[in-house]
Amino acid sequence: MTTRIVDSADVSPEAVVGDGSSVWHLAQVREGAVLGEGCVVGRGAYIGTGVRMGRHCKVQNYALVYEPAVLGDGVFIGPAVVLTNDTFPRAVNPDGSLKSAHDWEPVGVTIGDGASIGARAVCIAPVTIGAWATVAAGAVVTKDVPAHALVAGVPARRIGWVGAAGVPLVREDELWRCPATGAVYEEFEDTIREVRA
């Protein structure tokens, strides 16, 4: 697989870009970032120092993935998404001096395998987005999202469940069915699990 990094991208020589990945125009990938194989980083996207991305992730145009975010395999980050990293952001210290990297401790957003974050959503660190969850466009995530949850709004709240296809599940009695794949799920603890025949 051929890795493609366009001339206008700014990729640190200390970053690791996996085989078959593409980094597009004006994107920046900082030192210590690790991108798995087959990833796509869109135009103007930012991947912070030490960010870890699994295989086959897509970070769309102008998304900002601040360190120390961790993305599982197959994660989708929509256009202009922001993954924050500062719990109490300030430009200056109480004495008025400019804050430096030593004056605060970055905290990250963790995203499980197969999860999707819709366009212009903001995830306020530290939160964890569970595997195969979907965050709707424009949502503001302020607390952890269970696996397979569909969340929307400001602040984001669960409005349904999704399967691996990303399509909202349909309730059938006590079970949930994926209209795209036919897979059947049951609620279990704070998430769902597939019912095996």
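Up top is the structure.
Residues numbered from 1 in each chain as written. Predicted model: local features only at pLDDT ≥ 70, side-chain atom pairs only at ≥ 80, totals over all residues. Heavy atoms only, no water.

Undergrad: What am I meant to see in the environment of Ala 115 here?
TA: Along the chain, Ala 115 falls in the loop between β15 (110-111) and β16 (116-117). Excluding anything up to four places from it in sequence, Ala 115 contacts Gly 74, Val 75, Phe 76, Ile 129, Gly 130, Trp 132 and Ala 133. (Helix = DSSP H or I, 4+ residues; strand = E, 2+ residues; numbered from the N terminus. Contact = heavy atoms within 4.5 Å.)

Undergrad: Got a minute to help me understand the pairing of strand β22 (residues 157-161) in this structure?
TA: Regular strands place side chains that alternate from one sheet face to the opposite one. The pairing of strand β21 (residues 149-152) with β22 spans 4 bridges and is classified as antiparallel. By the bridge assignment, Ala 152 is partnered in β22 with Arg 157. Between β21 and β22, which pair antiparallel in sequence order, lie 4 residues; one of them, Gly 153, sits at a positive phi of approximately 100°. (Pairing = 2+ DSSP bridges.)

Undergrad: Teacher, can you tell me more about the side chain of Ser 21 here?
TA: Following the sequence through the fold, Ser 21 ends up in the loop between β3 (16-17) and β4 (22-23). For Ser 21, a relative accessible area of 0% translates into the label buried. (Buried < 20%, exposed > 50% of the residue type's maximum accessible area, 1.4 Å probe, protein only.)

Undergrad: I keep staring at the sheet that holds strand β9 (residues 52-53) and nothing clicks. Help me out?
TA: Sheets are built from strands paired through backbone hydrogen bonds, the pairs being either parallel or antiparallel. Ordered in space as β3-β6-β9-β12-β15-β18, the 6 strands form an open sheet in which the pairing is parallel. Each edge of the open sheet is held by one strand with a lone partner, namely β3 and β18 (128-129). By the bridge criterion, 2 bridges tie strand β12 (residues 70-71) to β15 in an arrangement that is parallel. What sits directly across from Val 70, in β15, is Thr 110.

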